[in-house]
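Understanding the architecture of this molecule
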Amino acid sequence: MEELKKPRVQFGVGGAPDKPGVIHDGLLPAPSAAVLAGMQAGNINVTLDVARLMDTSQIPDRQQELLAEFEKRKKARAIIVPTDDTEVKARLRELKEPICLFGEGPADRRERLRLHLADLAERGVRIEKQEVEGEASQPLDEDTVWYHEGLPDLLAARYWIAEYSIPRAQERLVRAREEVLKPGAEKAAKKQELHKKLRQITNTCSQVGDDRPISYCQFSPDSKMLATASWSGLCKLWSVPDCEPIRVLRGHNEKAGAIVFHPQATLSLSPTVLNMASCAADGSVCLWNLESDTPIANLEGHLQRVSRINYHPAGKFLATACFDCSWRLWDLETLTEVLHQEGHSRSVFNVAFHPDGSLAGSCGFDGAGRVWDLRSGKCIMLLDGHLKNVLALDFSPNGYHIATGSADNTVNIWDLRRRKCIYTIPAHNNLVSHIKFQGGTGDFILTSSYDNTAKVWAHPGWTPLKTLAGHESKVMCIDLSPNQDYIATSSYDRTFKLWQREVAPT
């Protein structure tokens, strides 16, 4: 009877890649002492090829070089390098390396810096600890508040804002207490009458405002003029309610993003002094009076697009929202920048002020809004609840409600006292481009959208009262006249429209 042969156990033989024991990349770890003893005893049979592969001393030099390169790249991935291309070039210059190679883009340059730092670390050259170990080894405390030294002008501005805002807050609280004491039936009847008037709003005037889309519109404080900004770079003034052109303002070479009136323009300010401000995609900010068609001054310092601007309620300061992930506060008396506020991780699109002047709100493409205390510089509330870019923001006259509009088609209502979102309005079928609270009492909200409509919402309650349909393309802005007689909308269809309560003929 033939002697039964022991089954051969082979390690590292060729076969399908998914079978155990297959050698990948031609490499196999060195056998253990137990395996060597089994091989010498004849209990483990191996082929000549496998035995040769199991001898690590026989690995070709080319494979050793590849292993070293893989290990070097693995270490390089743990090195933190700047994401800003300017900082990458500056770091390369410090290391005495070429800041740019032929055909090299920002991503390639960043990878070259990473590999060079890894090479220096391998050769024992000392580099910064954070770059070698990465941010994971030094976790940052998100709750830590840090400060850096500001300019004396900023300190003076904070004192001035505090002295201005505290009396206004006291007056607002007095009005709120008086409103609470009014009978409920009287307040309900007043609100019912207001809602009835809002449901009677109709389009009374439509005007072609430019050859390009009209990105912004705003009424003058006396409600007798309307200013519009267009992608052609032109800003225009129109009479209200007949929509006749008054003046064309020429000062921007790129798309104009917004034009706003000083809070006292057409009321107590002289027409010859600063009455308006506008911004554009090239970073320019122009200041205007009411008599000239060219700017009387410019605010210089923005290197990227300025999408929105807004006056502080006092008219002394101007806020600009910039695509460099920051917003800035300018002193219009000295034409200097007093605050360069960072905090957003992506472009800042809009900025607004609290009615008292004590707070500022900013929002942008990072999907969140932030509320800033201008008196201390702290971010006192994060408006984190939208799923996409936040494009619109406004404070209610009651002082504690904020509305934000987003590219996720919703409007969120936030309560500063409770520090959270209290209601989400599924407002439109496309992104919400602008939001405006009713001035004075804040009894309703206006919203515009890229679904070609604008809407009127009750506040509180947030029920729809009226849909303003008539534009042929996306509605880019909406505004309410200070006397509350007119609503203006501007659109991508190059027109702006005036809306007014329909009065029955007598």
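Now for a look at the structure at hand.

Conventions we followed
Residues numbered from 1 in each chain as written. Predicted model: local features only at pLDDT ≥ 70, side-chain atom pairs only at ≥ 80, totals over all residues. Heavy atoms only, no water. Pairing = 2+ DSSP bridges. Helix = DSSP H or I, 4+ residues; strand = E, 2+ residues; numbered from the N terminus. Axes fitted to C-alpha atoms, helices over the stretch in contact; angles between N-to-C directions. Buried < 20%, exposed > 50% of the residue type's maximum accessible area, 1.4 Å probe, protein only. Core = buried A, V, L, I, M, F, W, Y, C linked by side-chain atoms within 4.5 Å. Contact = heavy atoms within 4.5 Å. Salt bridge = Lys/Arg side-chain N within 4 Å of Asp/Glu carboxyl O. Polar contact = N/O pair within 3.5 Å; in protein donor to acceptor, adjacent residues only side chain to side chain. Phe/Tyr/Trp six-rings, centres within 6.5 Å; stacked < 30°, edge-to-face > 60°. Lys NZ or Arg CZ within 6 Å of the ring centre and 35° of its normal.

Side note on the sheet that holds strand 16 (residues 368-373)
- A sheet is described by the order of its strands in space; here 4 strands give the open sequence 14-15-16-17, paired in antiparallel fashion. Only two strands of the sheet have a single partner each, and these edge strands are strand 14 (348-353) and strand 17 (379-384). For this sheet, the mean angle separating the axes of adjacent strands, direction not counted, is 20°.
- As paired strands, strand 15 (residues 359-364) and strand 16 are joined by 5 bridges and run antiparallel to one another. Bridge assignment links Cys 363 to a residue of strand 16, and that residue is Gly 369.

Topic: the environment of Ala 297
- Structurally, the position occupied by Ala 297 is in strand 9 (residues 297-299).
- Residue classification places Ala 297 among the buried positions, given a relative accessible area of 17%.
- A sequence separation of 10 residues divides Ala 297 from Leu 287, and the C-alpha atoms of the two residues are 5.2 Å apart.

Examining the nonpolar core
- Residues Phe 261, Met 276, Leu 287, Ile 309 and Leu 318 are the most contacted members of the largest nonpolar core, which totals 43 residues.
- A total of 5 residues in this core trace back to one element, the largest contributor, which is strand 6 (residues 256-261).
- In this structure Leu 318 touches Val 260, Ala 277, Val 285, Leu 287, Leu 299, Ile 309, Asn 310, Tyr 311, Arg 328, Leu 329, Trp 330 and Leu 332, once residues within four positions along its chain are discounted.
- Leu 154, Ile 161, Val 338 and Ala 360 belong to the second largest nonpolar core, which has 16 residues in total.

Section: the sheet that holds strand 13 (residues 336-342)
- Judged by pairing direction, the sheet is antiparallel, and its 4 strands sit side by side in the order 10-11-12-13 without closing on themselves. Taken across any chain shown, the strands that pair with only one partner, and hence form the sheet edges, are strand 10 (306-311) and strand 13. Across this sheet, the average inter-strand angle for adjacent strands is 20°, counted without regard to direction.
- Note that strand 10 and strand 11 (residues 317-322) share 5 bridges and pair antiparallel. Paired with Ile 309 across the bridge in strand 11 is Thr 320.

Digging into the pairing of strand 11
- The buried fraction of strand 11 amounts to 6 of the 6 residues, a majority that puts the element mostly inside the structure.
- Where burial is concerned, the two faces of strand 11 agree: the one with Phe 317, Ala 319 and Ala 321 and the one with Leu 318, Thr 320 and Cys 322 are both buried.
- As consecutive antiparallel partners, strand 10 and strand 11 are separated by 5 residues, and within that stretch Gly 315 has a phi angle of approximately 80°, a positive value.
- Here strand 11 pairs with strand 12 (residues 326-331) via 6 bridges, running antiparallel. Note on strand 12: the bridge partner recorded for Phe 317 is Asp 331.
- Hairpin remark: strand 11 followed by strand 12, antiparallel, with 3 residues in the connecting loop; positive phi at Cys 325, about 70°.

Things to note about the pattern of salt bridges
- Evaluation of the coordinates by the stated rule reveals 16 salt bridges.
- Between Arg 328 and Asp 324 there is a salt bridge, with its nearest N and O atoms 2.7 Å apart.
- Given a relative accessible area of 6%, Arg 328 falls into the buried group.
- Here Asp 479 makes a salt bridge to Lys 436, at a shortest N to O gap of 3.8 Å. You can see Asp 479 sitting in strand 26 (residues 475-480) and its partner Lys 436 sitting in strand 22 (residues 432-437), a full 43 residues away along the chain.
- On the basis of relative accessibility, which here comes to 5%, the residue Asp 479 falls in the buried class.
- Taking the relative accessible area as the measure of exposure, Lys 436 reaches 26% and is therefore partly exposed.
- Each of the salt bridges in this network shares a partner with another, and the network as a whole consists of Asp 85, Lys 89, Glu 104, Arg 109 and Arg 112.

With respect to the side chain of His 344
- Structurally, His 344 is set in the loop between strand 13 and strand 14.
- Judged by its relative accessible area of 7%, His 344 is buried.
- Here Ser 362 takes part through its side chain, which lies 2.8 Å from a polar atom of the side chain of His 344.
- A polar contact of 2.9 Å, which involves the side chain of His 344, links it to the side chain of Asp 366.

Comments concerning the packing of aromatic side chains
- Summed over all chains, the structure comprises 8 aromatic pairs.
- Ring centres 5.0 Å apart and planes at 55° place the aromatic pair Trp 238 and Phe 496 in the tilted group. Placement of the pair is Trp 238 in strand 4 (residues 234-239) and Phe 496 in strand 28 (residues 495-501), with a sequence separation of 258 residues. The two residues Trp 238 and Phe 496 agree in class, both being buried.
- Three or more aromatic residues joined by ring pairs make a cluster, and in this case those are Trp 160, Tyr 164 and Phe 317.
- Across from the ring centre of Trp 231, 4.2 Å away, lies the NZ or CZ of Lys 255, which sits over that ring.
- When the ring centre of Tyr 400 is taken as origin, the NZ or CZ atom of Arg 417, which lies over that ring, is 3.6 Å away.

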